[in-house]
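# Structure assessment
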Amino acid sequence: MRFLRVYASGSIAIGILQVIDGILLVLGKGDPVQFNYVVAVFELLWIPVCTVMVFLFKRNKISMVSPYSYVLYNFIGWTIAALLLKPDAAAIPIWFAGIGALFGIYYVIINDRLLRRLSR
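Definitions and cut-offs
Residues numbered from 1 in each chain as written. Predicted model: local features only at pLDDT ≥ 70, side-chain atom pairs only at ≥ 80, totals over all residues. Heavy atoms only, no water. Salt bridge = Lys/Arg side-chain N within 4 Å of Asp/Glu carboxyl O. Helix = DSSP H or I, 4+ residues; strand = E, 2+ residues; numbered from the N terminus. Buried < 20%, exposed > 50% of the residue type's maximum accessible area, 1.4 Å probe, protein only. Axes fitted to C-alpha atoms, helices over the stretch in contact; angles between N-to-C directions. Left-handed = near helix turned anticlockwise from the far one by under 90°. Contact = heavy atoms within 4.5 Å. Nonpolar A, V, L, I, M, F, W, Y, C, P; charged D, E, K, R; others polar. Core = buried A, V, L, I, M, F, W, Y, C linked by side-chain atoms within 4.5 Å. Expected span 1.5 Å × (residues − 1). Lys, Arg positive; Asp, Glu negative; His and termini not counted. Polar contact = N/O pair within 3.5 Å; in protein donor to acceptor, adjacent residues only side chain to side chain.

Take the pattern of salt bridges next. Under the criterion given, the structure shown has one salt bridge. Asp-112 serves as the salt-bridge partner of Arg-116, at 2.8 Å between the closest nitrogen and oxygen. Here Asp-112 and Arg-116 lie together in helix H4 (residues 94-118), a separation of four residues that amounts to about one turn. Among the residues examined, Arg-116 registers a relative accessible area of 56% and is labelled exposed. Residue Asp-112 is classed as partly exposed on the basis of its relative accessible area, which comes to 26%.

Further remarks concern the packing of helix H1 (residues 2-27) against helix H3 (residues 65-84). Axis separation between H1 and H3 bottoms out at 11 Å; the angle between their running directions is 35 degrees. For H1 against H3, the interelement crossing comes out left-handed. For the pair formed by H1 and H3, the contact residues are Tyr-7, Ser-11, Ile-14 and Gln-18 on the first element and Ser-66, Pro-67, Tyr-70 and Tyr-73 on the second. The class makeup of the residues in the contact of H1 with H3 is five nonpolar, three polar and no charged.

The next subject is the nonpolar core. Core analysis: the biggest nonpolar cluster contains 16 residues, and Tyr-7, Trp-46, Phe-57, Tyr-70, Tyr-107 and Leu-114 have the highest contact counts within it. Of all elements in the fold, only H1, helix H2 (34-59) and H4 reach the threshold of two or more residues within this core. Apart from residues lying up to four places away in sequence, Tyr-107 is in contact with Tyr-7, Ser-11, Ile-14, Gly-15, Gln-18, Trp-46, Cys-50, Ser-66 and Tyr-70.

This part covers H2. Here H2 spans 39 Å end to end across 26 residues, near enough to the 38 Å set by a 1.5 Å rise per residue. Those residues of H2 that fall on the buried side of the exposure criterion are Asn-36, Val-39, Glu-43, Trp-46, Cys-50, Met-53, Val-54, Leu-56 and Phe-57. Contacts from the buried residues of H2 go to H1, H3 and H4.

Right, let's talk about H4 for a bit. If you check H4, its first and last C-alpha atoms are 36 Å apart, about what 25 residues at 1.5 Å a residue would give, namely 36 Å. Of the residues making up H4, those classed as buried are Ala-97, Gly-100, Ala-101, Phe-103, Gly-104, Tyr-107, Ile-110, Asn-111, Leu-114 and Leu-118. Against the buried residues of H4 lie H1, H2 and H3.

Within the secondary structure, Glu-43 is located in helix H2. Of the buried charged residues, Glu-43 lacks a salt bridge, with Lys-29 as the closest side chain of opposite charge at 22 Å. A polar contact of 3.3 Å, which involves the side chain of Glu-43, links it to the side chain of Gln-18. When near neighbours in sequence (up to four residues on either side) are disregarded, Glu-43 contacts Gln-18, Asp-21 and Tyr-70.

See the structure below:
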C-alpha cells in the first residue's frame, strides 16, 4: 500500500504541474516557455506509470479512476493536437491550455481523495 500512496502523491504533483503549465500558457497567450517543455516531459513519463498502476489498482481492488483518467486525458489531448494543431504553429490555443489546467485541478482532487482513503 505504501507504493500506492507514493503514486497518489506523485499524481498530485503532476496535477499541480499541469495547473501551473496551463496558467503559464494562458498568461503567455499560448507561447510555451522552458517550464512548459519540462512539464510536458514529466507528463509523458507519467503515462507508463499510470498504465502499470491500472494493473496494481485492479489487484488491490482500488478505484482505477486516477490512472484511467490520466491515460484517457493524454490520449484525447494528443489526438486533438494531431488533428487540429498545425505542426509549424508555435503557439498553443488558449482553450487547449485552459483544458489542461482544468484537468490538472481535477487530477489533484481525485488523487487527494485517493491518498486520504489510502492513509486510513
